[in-house]
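Per-entry structural report
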Amino acid sequence: QVQLVESGGGLVQAGGSLRLSCAASGRTFSQYAMGWFRQAPGKEREFVARIRWSGGGTRYGDSVKGRFTISRDNAKNTVYLQMNSLKPEDTAVYYCAATFTGGTSPGSYDYWGQGTQVTVSS
């Protein structure tokens, strides 16, 4: 079992930055690939980024490439999402999730956090 708690969301102006954190409980955290997803009102949950257990194998959604960076610290059981050059269309609830398989679809993730709101004003 893995429990995930996101933090770091908030209100930011367009062009600004935020760093999201996801703290995991459970001794097997380092065995999981971790992902970030987001969901805006009325839209489907969207893949944002993924990182494999080793810290390599990063992958990003097309809409965030070059602006967002995913990283993890297995010693701290934490995964991060650094978000730069934020746009109003990045506004959504951001979720972290854990998976053994390391895919990019929500269905391949086994555990989810409760989400943190990110709002980007124009």
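So, here's what we can say about the structure. (Residues numbered from 1 in each chain as written. Predicted model: local features only at pLDDT ≥ 70, side-chain atom pairs only at ≥ 80, totals over all residues. Heavy atoms only, no water.)

Time to look at the sheet that holds strand β7 (residues 68-73). Taken in spatial order, the 4 strands line up as β1-β3-β8-β7 in an open sheet, and their pairing is antiparallel. Edge positions in the open sheet fall to β1 (3-7) and β7, since each of these has one partner strand only. Strand-to-strand twist in this sheet, taken as the mean axis angle between neighbours without regard to direction, amounts to 15°. The pairing of β1 with strand β3 (residues 18-25) spans 5 bridges and is antiparallel. Of the residues in β3, the one forming a bridge with glutamine 3 is serine 25. (Pairing = 2+ DSSP bridges. Helix = DSSP H or I, 4+ residues; strand = E, 2+ residues; numbered from the N terminus. Axes fitted to C-alpha atoms, helices over the stretch in contact; angles between N-to-C directions.)

Position of serine 21 among the secondary structure elements: in strand β3. The buried category is assigned to serine 21, whose relative accessible area is 16%. In this structure, the C-alpha to C-alpha distance between serine 21 and valine 79, residues 58 residues apart in sequence, is 5.9 Å. Sequence-distant contacts of serine 21, that is, excluding residues within four places in its chain, are made with Val5, Glu6, Ser7, Trp36, Thr78, Val79 and Tyr80. (Buried < 20%, exposed > 50% of the residue type's maximum accessible area, 1.4 Å probe, protein only. Contact = heavy atoms within 4.5 Å.)

The next subject is the environment of glycine 8. Inspection of the secondary structure puts glycine 8 in the loop between β1 and β2 (10-13). Residue class for glycine 8 comes out partly exposed when judged on its relative accessible area of 33%.

Our focus in this paragraph is the side chain of threonine 116. Relative to the assigned elements, threonine 116 resides in strand β11 (residues 116-121). Only 3.3 Å separates the side chain of threonine 116 from the backbone nitrogen of glycine 9, close enough to count as a polar contact. (Polar contact = N/O pair within 3.5 Å; in protein donor to acceptor, adjacent residues only side chain to side chain.)

In total, this model carries 7 aromatic pairs according to the counting rule given. When the ring of tyrosine 32 is compared with that of phenylalanine 100, the centres are 4.3 Å apart and the planes differ by 20°; the resulting orientation is stacked. In this pair, tyrosine 32 sits in the loop between β3 and β4 (33-39) while phenylalanine 100 sits in the loop between β9 (92-99) and β10 (111-112), placing the two residues 68 residues apart along the sequence. With relative accessibility at 52%, the residue phenylalanine 100 sits in the exposed group. Ring geometry for tyrosine 95 against tryptophan 112: centres 6.4 Å apart, planes inclined by 80°, an arrangement best described as edge-to-face. Of this pair, tyrosine 95 sits in strand β9 while tryptophan 112 sits in strand β10, placing them 17 residues apart in sequence. Judged by its relative accessible area of 14%, tyrosine 95 is buried. Taken together, the ring pairs in this structure connect Phe37, Phe47, Tyr95, Tyr109 and Trp112 into an aromatic cluster. Residue placement shows arginine 45 over the ring face of tyrosine 95; its charged tip is 3.9 Å from the ring centre. (Phe/Tyr/Trp six-rings, centres within 6.5 Å; stacked < 30°, edge-to-face > 60°. Lys NZ or Arg CZ within 6 Å of the ring centre and 35° of its normal.)

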